[in-house]
Amino acid sequence: MKFKKPRGTQDLLGKYMKKWRSVEERVTGVLQRYGYREIRTPIFEMSGLFVRTVGESSDIVTKEMYTFNDKKGRKLTLRPENTAPVMRAYLENGLQRQGGISRFYYMGPMFRYDRPQAGRYRQFHQIGAEAIGLSNPAIDAEIIKLSLDIYKEFGFSSLQVRLNSVGCMKCRGEYMILLREKLAEYKSELCDDCLHRAEINPFRVFDCKTCISVKKKLPIITDYLCGECSEHFEELCVSLEGMSVNYLLDPLLVRGLDYYTKTAYEIIHPELGAQNALCGGGRYDGLASELGGASIPAVGFSAGMERLMQILPDELEGKEVDRPDIYFIVFDDKCSIQAMILADKLRSADFVVYIDFSMRNIKKQLKSASVREYDYVVFIGQKEIEDKEVTLKNMKSGNQVTVSFEKLVSYFSEKGVTGIE
Ligand code: AMP
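Residues numbered from 1 in each chain as written. Predicted model: local features only at pLDDT ≥ 70, side-chain atom pairs only at ≥ 80, totals over all residues. Heavy atoms only, no water.

Enquirer: Help me out: how do you make sense of the packing of helix α2 (residues 47-54) against helix α4 (residues 83-92) in this one?
Expert: Pairs of packed helices are described in terms of their axes, by the angle between the two and the distance that separates them. Where α2 contacts α4, the two axes come as close as 10 Å, and the packing angle between them is 110°. Classified by the angle between their axes, α2 and α4 sit roughly perpendicular to one another. Along this stretch, α2 crosses α4, giving a crossing that reads as right-handed. Each of L49, F50 and T53 in α2 lies in contact with α4, whose residues at this interface are A84, P85 and R88. When grouped by side-chain class, the residues that make up the contact of α2 with α4 number four nonpolar, one polar and one charged. (Axes fitted to C-alpha atoms, helices over the stretch in contact; angles between N-to-C directions. Helix = DSSP H or I, 4+ residues; strand = E, 2+ residues; numbered from the N terminus. Parallel < 35°, antiparallel > 145°, perpendicular 65-115°, else oblique. Left-handed = near helix turned anticlockwise from the far one by under 90°. Contact = heavy atoms within 4.5 Å. Nonpolar A, V, L, I, M, F, W, Y, C, P; charged D, E, K, R; others polar.)

Enquirer: Even after reading the chapter, I still don't get helix α9 (residues 227-242), so can you show me in this structure?
Expert: An α-helical turn contains 3.6 residues, so any two residues separated by three or four positions project in the same direction. Here α9 spans 22 Å end to end across 16 residues, near enough to the 22 Å set by a 1.5 Å rise per residue. Residues C229, H232, F233, L236, C237 and L240 constitute the buried set of α9. Angularly, the buried residues of α9 cover 135° about the axis, an arc narrow enough to put them on a single face. Turned more than 90 degrees off the buried face of α9, the exposed positions are G227, E234, V238 and G242. In the core, the buried residues of α9 are packed alongside α5 (137-152), β7 (160-165), α6 (169-185), β8 (247-249), β9 (261-268) and β10 (277-283). Immediately beyond the C-terminal end of α9, within one or two residues, lies S244, with a positive phi of roughly 55°. (Expected span 1.5 Å × (residues − 1). Buried < 20%, exposed > 50% of the residue type's maximum accessible area, 1.4 Å probe, protein only. Arc of directions from axis to C-beta.)

Enquirer: Teacher, can you tell me more about the domain arrangement of the protein here?
Expert: Much of the literature gives interface size as the accessible area that the parts lose upon coming together. As assigned here, the protein comprises domain 1 (14-168 + 241-311), domain 2 (170-215) and domain 3 (326-418). Here domain 1 and domain 2 have C-alpha centroids that lie 25 Å from each other. If you look at the interface, domain 1 gives 16 residues, while domain 2 gives twelve residues. Joining domain 1 to domain 2, the criterion identifies two salt bridges. Counting the contacts that link domain 1 with domain 2 gives nine residue pairs in polar contact (both at pLDDT 80 or more). In terms of residue class, the side of domain 1 that touches domain 2 is made up of seven nonpolar, five polar and four charged. (Domains from an automatic or database assignment. Salt bridge = Lys/Arg side-chain N within 4 Å of Asp/Glu carboxyl O. Polar contact = N/O pair within 3.5 Å; in protein donor to acceptor, adjacent residues only side chain to side chain.)

Enquirer: What is the right way to read the pairing of strand β11 (residues 298-304) from this model?
Expert: Consecutive side chains of a regular strand alternate in pointing toward one face of the sheet and then the other. Taking burial as the measure, the seven residues of β11 include seven buried ones, the bulk of the element. Burial along β11 is two-sided: A298, G300, S302 and G304 facing one way and V299, F301 and A303 facing the other are all buried. Inspection of the sheet shows strand β6 (residues 123-132) paired to β11 by seven bridges, in the antiparallel sense. When the bridges of β11 are listed, G128 appears paired with S302. Inspection of the sheet shows β10 paired to β11 by five bridges, in the antiparallel sense. Bridged to G280 within β11 is S302. (Pairing = 2+ DSSP bridges.)

Enquirer: Where do I start with the site of the ligand in this structure?
Expert: Of all residues adjacent to the ligand, which total 13 residues, the nearest are R112, Y121, Q126, R255 and A277. One nitrogen or oxygen atom from the side chain of R112 is found 2.8 Å from an oxygen atom belonging to the ligand. In the model, an oxygen atom of the ligand is placed 3.0 Å from a nitrogen or oxygen of the Q126 side chain. Across the complex, the protein chains shield 89% of the 480 Å² of accessible surface that the ligand would expose by itself. When contributions to the shell around the ligand are tallied by element, the ones reaching two or more residues are β6, β10 and β11. Looking at the shell around the ligand element by element, the count peaks at three residues for β10. Residue classes in the shell around the ligand are distributed as five nonpolar, four polar and four charged. (Near = heavy atom within 4 Å. Areas by Shrake-Rupley, 256 points an atom, 1.4 Å probe, with all protein chains shown as cover.)

Enquirer: Would you take a moment to explain the pattern of salt bridges for this structure?
Expert: For side chains bearing opposite charge, pairing can occur when the charged atoms are close. All chains considered together, the criterion is met by 24 salt bridges. Between E92 and R88 there is a salt bridge, with its nearest N and O atoms 2.9 Å apart. Placement of the pair is E92 and R88 together in helix α4, with a separation of four residues, close to one helical turn. The exposed category is assigned to E92, whose relative accessible area is 61%. A salt bridge links R103 to E142, with the nearest nitrogen and oxygen atoms 2.9 Å apart. Remark: E142 occurs in helix α5 and R103 occurs in strand β5 (residues 102-111); sequence separation between them is 39 residues. Overlapping salt bridges, with partners in common, bring together D59, K63, D193 and R197 in one network.

Enquirer: What exactly am I supposed to notice about the pairing of strand β14 (residues 376-380) here?
Expert: In terms of residue burial, β14 counts as a mostly covered element, since five of its five residues are buried. Of the two faces of β14, both are covered, the one formed by Y376, V378 and I380 as well as the one formed by V377 and F379. Sheet analysis places strand β12 (residues 325-330) next to β14, joined by five bridges and oriented parallel. Among the inter-strand pairings, F328 is bridged to a residue of β14, identified as V378. Across four bridges, the pairing between β14 and strand β15 (residues 389-394) is antiparallel. Bridge pairing in β15 links Y376 to N394.

In structure tokens, the structure reads:
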């Protein structure tokens, strides 16, 4: 083989892909029940969109963007995140004219040139939601609850939220001066990256995974919140408590992106190791004006799909995944039409049916069904057609039964993949 997939990317296939789809569908159901509607923006955008919003001093912009020139010399970037593109689309399509809150969700690939490791990829997938148009903390609470409900859908009902407020431009003024002074004091203890961060955007030192002891000695933003920001934060906490959301105040939590204001949060899974963040989000009231629009308040989150897949069991419970996938073994050419008629009936009842038209010997077709991870094999030959019944083989248990053509659909519908012998 001359070619391999690029480092940090994955081929999603087989049963994993089936599970992935089913997870996407269930997550979509949760998002839609909250009134969020899907938005699909381009996979690449003008580079300036990210440089401007994510921030020139951010790791994403300085190190991680996949940027290229097109044939006309335009500078484009594979999206490293999707909040700025969604806001760009909202403004470009004049959606603010609709008034009220615009609620969007998206899912799709993002690209960051980061060092690959367990749970960290260069092409990864995010599911996210953005609520644009409201400054009331009730919508921050909705976003946090919604993101938790995604995990609850799969049985994770006690995940912890880490919560902070990063204030607004007003509160950051005085705080930043103090932060710079303190960082100058601890200069000798900072890593090279943080020395640079301290110069350009000192807030980012809190993102550092190595300068932990310095971080603990720094002043915290929540002590410097202006009246409006502290009121917002208090109201949010009251709403979360009202909904029995389990949260922990974490004054060291800042989001890696520049446009966040007020609320910042993360959902952590304790067993994921170094890359333990399942989801992150917050308020970004500064983004719309940064893009040249009016000042429009907004809040959202983004959840890693690979990390959600990682914490789920191999076999998901639920109707879609319990439905067996069925493999038809056809004995000779004369049986093809009958196989297609039966498969049609099963497909109309939403079953997946793969017909093997290769006419290879049974052993080879059985092997093919097994490597493709089909749950059932249905044998169709001349004798079956004469008797109007097929033999089914459960690939897991090896058990075989005979079922009439007429009862084939109801047989699978009634028992599902687990119950059948
Ligand atoms: P961020 O956009 O950095 O706030 O990330 C939001 C979520 O996306 C994180 O909590 C992770 O679950 C996921 N994520 C971010 N970067 C990666 C990556 N390189 N590989 C896999 N998942 C990621």
